[in-house]
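# Chain and residue survey
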Amino acid sequence: MTDPHRELGEFLRRARARRNPETTGLLPDGRIRRVPGLRREEVAVLAGVSTDYYTRLEQGRSVTPSTQVVEALIRALDLDTAGENYLRTLISTAGAPVSRSRPSVQRVRPGLHRLLDSFSTQPALILGRRTDILASNALARALFADFESMPARSRNYARWLLLDDDARTLFRDWEEQARNAVEALRLDAALTPDDKGTQQLVGELSGASGEFRQWWSAHRVHQRTHGTKRLNHPLVGELDVHFETLTLPGDTSQTLYIYTTEPGSASEQSLSLLASWAGSVPGGPQAARESWPNR
């Protein structure tokens, strides 16, 4: 089990190192800065707490800040929305009793499967805890990968991005997408620090990917609400797809991703071509991929 107090301390240290002293309003004291970011005493001044108190937080001591202190730390460290949510989650978890119950197996309701399948011109998928791919429609499988043909343990978005060679060549902006996936996984992991599935995934990726180790150790977090993916698809070539996310009622750890293209764009034409191709080949997306030229 991950110690939330230790995670909190490491996150604060990393956030402090990224804070630009010149934007804080603090007057220079003439001392040479030997490390990037703020000193501990400067964060304490900005947050209105004692240096000793803030030091104990960074050291991972069993200290649970008040709501006022949390708000002050958010301002002092200039956290974005994802960082703010992560900080609140860590503090909430650190102050909560240890849970011995195992998270239930996530299942997608039949109605949601039908909803995904009704999107004939938009790729769509549902991600769950630890970025597990719980469901996808035919066009998403044709656009990204045939997740349903993978072994169950491999149906994980972060794992696929980092360990699948085809994913590296599919994304023109692979590094940005993979780093965002790692940072989203860290944000999700804070919600269930005792989840064995998350711990096993982190252990596997740490051993198999140097990029994962680098990005995970940076303690940055990312919250995916919308964005763009730049692809170089083996059949239809370059296209950009934009995504929006919706948290599903009944299980807030399930998120629906819907992908669209700009109307009238070359990307829209490419996606339409892909939809026609994938729908015309018996056997679904995997058969379509195997029949594509130059594969």
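What counts and what doesn't
- Residues numbered from 1 in each chain as written.
- Predicted model: local features only at pLDDT ≥ 70, side-chain atom pairs only at ≥ 80, totals over all residues.
- Heavy atoms only, no water.
- Buried < 20%, exposed > 50% of the residue type's maximum accessible area, 1.4 Å probe, protein only.
- Helix = DSSP H or I, 4+ residues; strand = E, 2+ residues; numbered from the N terminus.
- Pairing = 2+ DSSP bridges.
- Core = buried A, V, L, I, M, F, W, Y, C linked by side-chain atoms within 4.5 Å.
- Phe/Tyr/Trp six-rings, centres within 6.5 Å; stacked < 30°, edge-to-face > 60°.
- Lys NZ or Arg CZ within 6 Å of the ring centre and 35° of its normal.
- Axes fitted to C-alpha atoms, helices over the stretch in contact; angles between N-to-C directions.
- Contact = heavy atoms within 4.5 Å.

## So, the pairing of strand 5 (residues 255-260)
- The buried fraction of strand 5 amounts to 5 of the 6 residues, a majority that puts the element mostly inside the structure.
- Bridge count for strand 1 (residues 124-127) against strand 5 is 4 bridges, and the pairing is antiparallel. Following the sheet pairing, Ala124 is matched in strand 5 by Ile258.
- Where strand 4 (residues 237-247) lies against strand 5, 6 bridges are found, and the strand directions are antiparallel. Each residue of the ladder has a partner; that of Glu244, found in strand 5, is Ile258.

## A word on the nonpolar core
- Ranked by internal contacts, the top residues of the largest apolar core, which has 41 residues, are Phe144, Trp160 and Phe171.
- Core analysis: the next-biggest nonpolar cluster, separate from the first, contains 29 residues, Val69, Ile74, Leu79 and Tyr86 among them.

## Things to note about the packing of aromatic side chains
- Evaluation of the coordinates by the stated rule reveals 11 aromatic pairs.
- Both rings, one in Phe144 and one in Tyr259, keep their centres 5.1 Å apart while their planes meet at 65 degrees; by these two values the pair is edge-to-face. Residue Phe144 is located in the loop between helix 7 (138-143) and helix 8 (157-163), and its partner Tyr259 is located in strand 5; the two are separated by 115 residues in the primary sequence.
- For Phe144, a relative accessible area of 3% translates into the label buried.
- Three or more aromatic residues joined by ring pairs make a cluster, and in this case those are Phe144, Phe147, Tyr157, Trp160, Phe171, Phe243, Tyr257 and Tyr259.
- Directly above the ring of Trp216 sits Arg186, whose terminal nitrogen or CZ lies 4.0 Å from the centroid.

## Structural notes on the sheet that holds strand 1
- Strand order in the open sheet made by the 5 strands is 2-1-5-4-3, with antiparallel pairing throughout. Among the strands making up the open sheet, the edge pair consists of strand 2 (133-136) and strand 3 (226-233). Across the sheet, the mean angle separating the axes of adjacent strands is 25 degrees when strand polarity is ignored.
- Against the sheet, helix 6 (residues 110-118) makes contact with strand 1, strand 2 and strand 5, and its axis sits at roughly 150 degrees relative to strand 1, the strand it touches most.

## Remarks on the environment of Ile126
- Following the sequence through the fold, Ile126 ends up in strand 1.
- With relative accessibility at 1%, the residue Ile126 sits in the buried group.
- Each C-alpha atom of the pair Ile126 and Leu256 lies 4.5 Å from the other, and the pair is 130 residues apart in sequence.
- Apart from residues lying up to four places away in sequence, Ile126 is in contact with Val108, Leu112, Leu116, Asp132, Ile133, Leu134, Ala135, Leu248, Gln254, Thr255 and Leu256.

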